Amino acid sequence: MKIDQYTELYGIIGYPVRHSLSPLMHNTAFEAVGINAVYLAFETRDLKAVTEGMKALPIKGMSVTTPHKIRIIDHLDDLHALASQIGSVNTVVNHDGRLIGFNTDASGALRALEGKVRLEDTHSLIVGAGGAARSIAFALKEMGAIVTITNRTASKGKALTKALGCGFVPWEKMDHIEAELIVQTTPLGMAPDINACPIPVSILKPGITVMDIIYNPRCTRLLRLAQSRGCQIIDGVSMFVHQGAEQFRLWTNVDPPLRVMEE
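Residues numbered from 1 in each chain as written. Predicted model: local features only at pLDDT ≥ 70, side-chain atom pairs only at ≥ 80, totals over all residues. Heavy atoms only, no water.

Asks: Let's hear about the overall build of the chain: which residues, and what values?
Replies: The helix and strand tally for the chain stands at 9 helices and 12 strands. Here the C-alpha radius of gyration of the chain, 18 Å, is about what a compact globule of 263 residues would show, namely 18 Å. For the chain, the spread of C-alpha atoms along the three principal axes comes to 60 × 35 × 30 Å. Looking at the chain residue by residue over its 263 residues, the buried ones come to 50%. Contacts in the chain between residues far apart in sequence, at least 24 positions, make up 62% of those at least 6 positions apart. One finds the centroid of the 26 positive side-chain charges in the chain at a distance of 5 Å from the centroid of its 26 negative side-chain charges. (Helix = DSSP H or I, 4+ residues; strand = E, 2+ residues; numbered from the N terminus. Rg over C-alpha atoms; globule rule 2.2 N^0.38 Å. Buried < 20%, exposed > 50% of the residue type's maximum accessible area, 1.4 Å probe, protein only. Contact = heavy atoms within 4.5 Å. Lys, Arg positive; Asp, Glu negative; His and termini not counted. Charge placed at Lys NZ, Arg CZ, Asp CG, Glu CD.)

Structure follows, in C-alpha cells:
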C-alpha cells in the first residue's frame with residue numbers, strides 16, 4: 001500500500017471501535033484490486049461532527065457500527081430505500097458531498113444463513129434490539145420467518161417489535177420460547193469479555209441453529225455451548241465479510257475480492 005496525495009479515505013465509526021477488523025479487511029481488499037485508498041477506525045460519539053467532517057475532507061465512505069446505526073440517520077442527506085424501511089444504517093456513501101445511508105447488514109445476514117437453515121415459517125429468536133438486530137429481524141420477516149425479539153432493556157425491545165410487527169419476550173423469560181433459530185446480536189461475548197454468554201443454556205436444544213454475529217472471537221462461548229449441546233452453529237465471520245463486501249461495491253463500483261476479504 002502506497003499512501004500519497006491521491007489516496008482516498010474511508011473508515012468506520014463506533015464507540016468502542018478499536019477492536020474492529022474492518023480496517024484490516026478493507027485495506028487488504030483495496031490493495032488486492034489496486035485501489036489507492038486507506039480505511040481507518042474513528043472512535044467517536046459526535047455524529048454531527050463526523051458527517052460534517054466527511055463532507056469537508058472529504059471522506060468517501062464510512063462503515064457505521066455500535067451504537068450509531070440508528071442515530072446516524074438524523075445526520076444524513078438521504079437514505080437508500082432498504083435502509084429507510086429497516087430504520088438502520090451501517091454504510092454511508094459520500095456522493096459529491098451528499099451523504100447517503102445504506103444497509104448491508106440485512107443482506108449479509110441472509111448470505112450467512114443461506115443453505116444452512118430454511119427461513120420460511122421458522123420460529124426465530126433475535127437477542128438484542130440495536131441496529132443489527134433491527135436489520136436481521138427485518139430480513140428474516142421478509143423471508144417468511146416468525147420472529148420474536150428479546151432485549152435486556154424491555155422498552156427498547158418492545159419499541160422494535162412495534163416497529164417491525166413481531167413478537168416480544170422478556171429477557172428473563174427467553175427460555176420459554178421454542179426457537180428453531182436463535183440469532184445473538186448483542187456485544188456480550190465479544191473480546192475482551194469472551195466469557196460472557198447472554199443466552200441461558202436451557203434454550204439450546206439439539207437440532208436448532210444458533211448464530212452469533214460476533215466475529216472476534218470467531219467461536220464465542222455461546223457457540224461453544226450450543227455446539228456441545230447438538231446445535232448447528234454459524235459464526236459471525238460470514239455476515240461480517242458479506243456486509244463488508246457489499247460496502248466495498250457501493251463505495252468503489254468494483255466487485256469485491258471476497259476470498260481475500262474472508263482470509
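Asks: Any details on the layout of surface pockets? Residues and values, ideally.
Replies: To find the voids left in a structure, one rolls a probe of water-molecule size over its atoms. Approximately 960 Å³ is the volume attributed to the largest pocket. Only strand E3 (61-64), helix H5 (131-142) and helix H8 (237-252) provide two or more residues apiece to the lining of the largest pocket. Looking at the lining of the largest pocket element by element, the count peaks at 4 residues for H8. Each residue belonging to the lining of the largest pocket can be placed in one class, and the counts come to 18 nonpolar, 18 polar and 5 charged. Estimated volume of the second largest pocket: approximately 210 Å³. Secondary-structure elements contributing two or more residues to the lining of the second largest pocket are helix H1 (22-33), H8 and helix H9 (258-262). (1 Å grid on protein atoms, 1.4 Å probe; cavity = no way out; pocket = protein on both sides within 12 Å on 5 of 7 lines; lining within 4 Å. Points joined across faces, edges and corners; volume = space filled by probe spheres on them. Nonpolar A, V, L, I, M, F, W, Y, C, P; charged D, E, K, R; others polar.)

Asks: Which residues make up the side chain of Gln184, and what values go with them?
Replies: Turning to its location among the elements, Gln184 is positioned in strand E10 (residues 181-184). What makes Gln184 buried here is its relative accessible area of 0%. A distance of 2.5 Å separates polar atoms of two side chains, one belonging to Gln184 and the other to Thr186. Of the polar contacts made by the side chain of Gln184, one reaches the side chain of Asp212; its length is 3.0 Å. (Polar contact = N/O pair within 3.5 Å; in protein donor to acceptor, adjacent residues only side chain to side chain.)

Asks: Now, about the packing of helix H4 (residues 105-113) against H5: what can you tell me, with residues and values included?
Replies: A pair of packed helices is characterised by two quantities: the angle between their axes and the separation of those axes. Their axes nearest at 8 Å, the elements H4 and H5 cross at an angle of 60 degrees. Comparing their axes, H5 and H4 come out oblique. Where H4 crosses over H5, the two elements pack in a sense that is right-handed. Only Ala132, Ser135, Ile136, Ala139 and Leu140 of H5 make contact with H4, whose side of the interface consists of Asp105, Ala106, Ala109, Leu110 and Leu113. Within the contact of H4 with H5, the residues separate by chemical class into 8 nonpolar, 1 polar and 1 charged. (Axes fitted to C-alpha atoms, helices over the stretch in contact; angles between N-to-C directions. Parallel < 35°, antiparallel > 145°, perpendicular 65-115°, else oblique. Left-handed = near helix turned anticlockwise from the far one by under 90°.)

Asks: Would you mind going over the packing of aromatic side chains in detail, with residue names and values included?
Replies: All told, the structure shown has 5 aromatic pairs when counted by the stated rule. Measuring from centroid to centroid gives 5.3 Å for Tyr10 and Trp251, while their planes differ by 40 degrees, and the two rings are tilted. Linking Tyr10 in strand E1 (residues 8-14) with Trp251 in helix H8, this pair joins segments that are 241 residues apart in sequence. Residue classification places Tyr10 among the buried positions, given a relative accessible area of 2%. (Phe/Tyr/Trp six-rings, centres within 6.5 Å; stacked < 30°, edge-to-face > 60°.)

Asks: Could you give an account of the nonpolar core, naming the residues involved and the relevant values?
Replies: Leu113, Ile126, Ile136, Leu140, Val147 and Met211 are the most contacted members of the largest nonpolar core, which has 28 residues in total. Elements that contribute at least two residues to this core include exactly H4, H5, strand E8 (146-150), helix H6 (154-164) and E10. Here this core gets 7 residues from one element, more than from any other, and that element is H5. Apart from residues lying up to four places away in sequence, Met211 is in contact with Ala109, Ala112, Leu113, Ile182, Val183, Gln184, Ile234 and Met239. Core analysis: the next-biggest nonpolar cluster, separate from the first, contains 19 residues, Met25, Ala29, Tyr39 and Val93 among them. (Core = buried A, V, L, I, M, F, W, Y, C linked by side-chain atoms within 4.5 Å.)

Asks: I'd like to hear about the pattern of salt bridges, residue by residue, with values.
Replies: Overall, the coordinates contain 9 salt bridges when judged by the stated rule. For Asp105, the salt bridge identified is with Lys69, shortest N-O distance 2.7 Å. Note that Asp105 is positioned in helix H4 and Lys69 in the loop between E3 and strand E4 (78-79), a separation of 36 residues in sequence. Like Asp105, the residue Lys69 is buried in the burial classification. Here Asp255 and Arg249 are joined by a salt bridge, their closest N and O atoms 3.8 Å apart. (Salt bridge = Lys/Arg side-chain N within 4 Å of Asp/Glu carboxyl O.)

Limitation: the analysis is restricted to geometry and does not speak to function.
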